[in-house]
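Report on the structure
One letter stands for each residue in the lines below.
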Amino acid sequence: MNIAVMFLELGKGFITTVEIFMLTLIFSLPLGLIISFGRMSKNCILRTITKFYISVMRGTPLMLQLIVVYFGPFYVFGLQLSRSYRFIAVILAFVLNYAAYFAEIYRSGIESMPKGQYEAAKVLGYTKGQTFFKIILPQVIKRVMPSITNETITLVKDTSLAFVLSIVEMFTTAKQIAASETTIMPLMVAGLFYYIFNLAVALGMELIERKLNYYR
Amino acid sequence: MKILEINHMKKSFDKLEVIKDISLSVNEGEVLSIIGPSGSGKSTVLRCAAMLEKMNSGDLIYLGEYAAHNNTEGKSVYMAKKELRRFHKYYGLVFQNFNLFPHYTVLKNITDAPMTVDKVSKKEAEERAMVLLKKLGLEDKKEAYPYQLSGGQQQRVSIARALALQPKILFFDEPTSALDPELTGEVLKVIKELAKEKMTMIIVTHEMQFAKELSDRIIFMENGKIQEEGTPEQIFSTENTRVKDFIGKFAG
């Protein structure tokens, strides 16, 4: 197999990698915010449930979570799901897992906000919703950006775990080629792909952070 | 006309009784200063009036309308949340540490509440804001962010922010305590200006000379109670040794 073909094959897998990455981010970032509300809720039951959820998501391997989400419907409900459920299961597991991490990041940001901001908004007559979305959230986003960047970079590398459910993303392809051609070259190239992808992610995040730097 | 009336206010934090039965009222155009040692409950009175804290007991009345009243068991009962929103219109509060919104420009800090809360058009909100900024000598700062301003400028912006909602009464919670003497002067000047225009105000302050010059009435608070109340002349020539002592310390 020549280098060009290898790049082409890895490139195909790379598209799947990017898909998992994008879909996970799109769904887990807002879901994380909702979960963080539950985590900070005054309702004791809701708070306990979300706390437990977060601790399970952070306390067990993502690989195991992928398997549970994929096989769960069959073992628990006897559901026969089509093969296309595989990809959905991957996204679902990734979203559920990352949302838990994001929830804790949001919480740290929200709890670090000075009480005075809430009080000023309250005296001015803002509703709770207006206070949160106009005053608090924009400042929280700025505060949590570095932590979000960290998680996002980890996500890029975690996408390789999709192989557990036989989703052919880049790392799976690289391993297959490596095995059939008895060379570690494809793995090195895959590593390079991840690195470049993450460089781009870091650069993008840095741009956003710089944009948010218009105030202190 | 009475803008604000507080009857028999009591407030405890856990077991600590901070306000022990305070009654006061403020007439339209009147400037009331509250002085007294730290921890005497001055700020808590304002915070209860601004409904940042809920009193345990007492009536809170704005322009004859009850925001809260004492029930038969002597506990404060507040109006429903929806009803209470109406009362926010009546007052503004200026904080000791400004609490401006750091992610908004000076102009947006002033226009956002009228637009969001009162649904004032952007054009009108900006016109109002420019009038206020001009008055407070901050026209050239309208595009600046709070972090680019001095403490005195920030406090003036926060006064403008409160005024933009056209409140009937303005509360000042130690407005100059976070400022050095020079910056204190520029903020006090603004408050004096407002007093001249007959803005109704309650000012919690440690600036004795200022309170003396400006107030129609002064309340001296200690241990959660009003110890002395009267015109500046009465307060500054009181025979009450505790008040005398306190004021004397400031007069130097």
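Everything below is about the structure shown above.
Before going into details, it helps to say that this report is about the structure given with it. Note that the structure is predicted; figures quoted are calculated from it, not measured.

1. A closer look at unusual backbone geometry
Residues and elements named next belong to chain B. Within the chain, Asn99 stands out as a residue other than glycine whose phi angle is a positive 55°. Here Asn99 is to be found in the loop between β7 (91-94) and α3 (106-117). Although it is not a glycine, Lys198 sits at a positive phi angle of roughly 65°. Within the fold, Lys198 resides in the loop between α6 (181-196) and β9 (200-204).

2. Overview of the environment of Glu228 of chain B
All names here are of chain B. Summarising the element assignment, Glu228 is placed in strand β11 (residues 225-230). Measuring from C-alpha to C-alpha, the distance between Glu228 and Thr238 comes to 8.8 Å, with 10 residues separating the pair along the chain. Contacts of Glu228, omitting those with residues within four sequence positions, involve Ile218, Ile219, Phe220, Ile235, Thr238, Asn240 and Val243. In terms of polar contacts, Glu228 uses its side chain to reach the side chain of Thr238, at 3.2 Å. A polar contact is formed between the side chain of Glu228 and the side chain of Asn240, at a distance of 3.1 Å.

3. With respect to a nonpolar patch on the surface
A cluster of nonpolar side chains, Met63, Ile67, Phe71, Phe74, Tyr75, Val76, Phe77, Leu79, Leu81 and Phe163 of chain A, forms an exposed patch at the surface whose accessible area comes to about 990 Å². By the element assignment, Val76 of chain A lies in helix α3 (residues 62-77).

4. A word on the side chain of Arg128 of chain B
The topology assignment puts Arg128 of chain B in helix α4 (residues 122-135). Within the structure, the side chain of Arg128 of chain B is placed 2.6 Å from the backbone oxygen of Ala164 of chain B, a separation counted as a polar contact.

5. A word on the packing of aromatic side chains
Under the defined criterion, the tally for this structure stands at 23 aromatic pairs over all chains. Relative to Phe193 of chain A, the ring of Phe7 of chain A lies with its centre 5.9 Å away and its plane at 45°, an arrangement referred to as tilted. Here Phe193 of chain A lies in helix α8 (residues 185-211) and Phe7 of chain A lies in helix α1 (residues 3-39), a separation of 186 residues in the sequence. On the basis of relative accessible area, Phe7 of chain A is assigned to the partly exposed category, the value being 38%. Residues Tyr62 of chain B and Phe87 of chain B carry aromatic rings whose centres are separated by 6.3 Å and whose planes lie at 55° to one another, so their mutual orientation is tilted.

Cut-offs and rules
Residues numbered from 1 in each chain as written. Chains lettered and ligands numbered in written order. Predicted model: local features only at pLDDT ≥ 70, side-chain atom pairs only at ≥ 80, totals over all residues. Heavy atoms only, no water. Helix = DSSP H or I, 4+ residues; strand = E, 2+ residues; numbered from the N terminus. Contact = heavy atoms within 4.5 Å. Polar contact = N/O pair within 3.5 Å; in protein donor to acceptor, adjacent residues only side chain to side chain. Patch = residues over 30% accessible without salt bridge, like charges linked within 9 Å, V, L, I, M, F, W, Y side chains within 5 Å. Areas by Shrake-Rupley, 256 points an atom, 1.4 Å probe, with all protein chains shown as cover. Salt bridge = Lys/Arg side-chain N within 4 Å of Asp/Glu carboxyl O. Phe/Tyr/Trp six-rings, centres within 6.5 Å; stacked < 30°, edge-to-face > 60°. Buried < 20%, exposed > 50% of the residue type's maximum accessible area, 1.4 Å probe, protein only.

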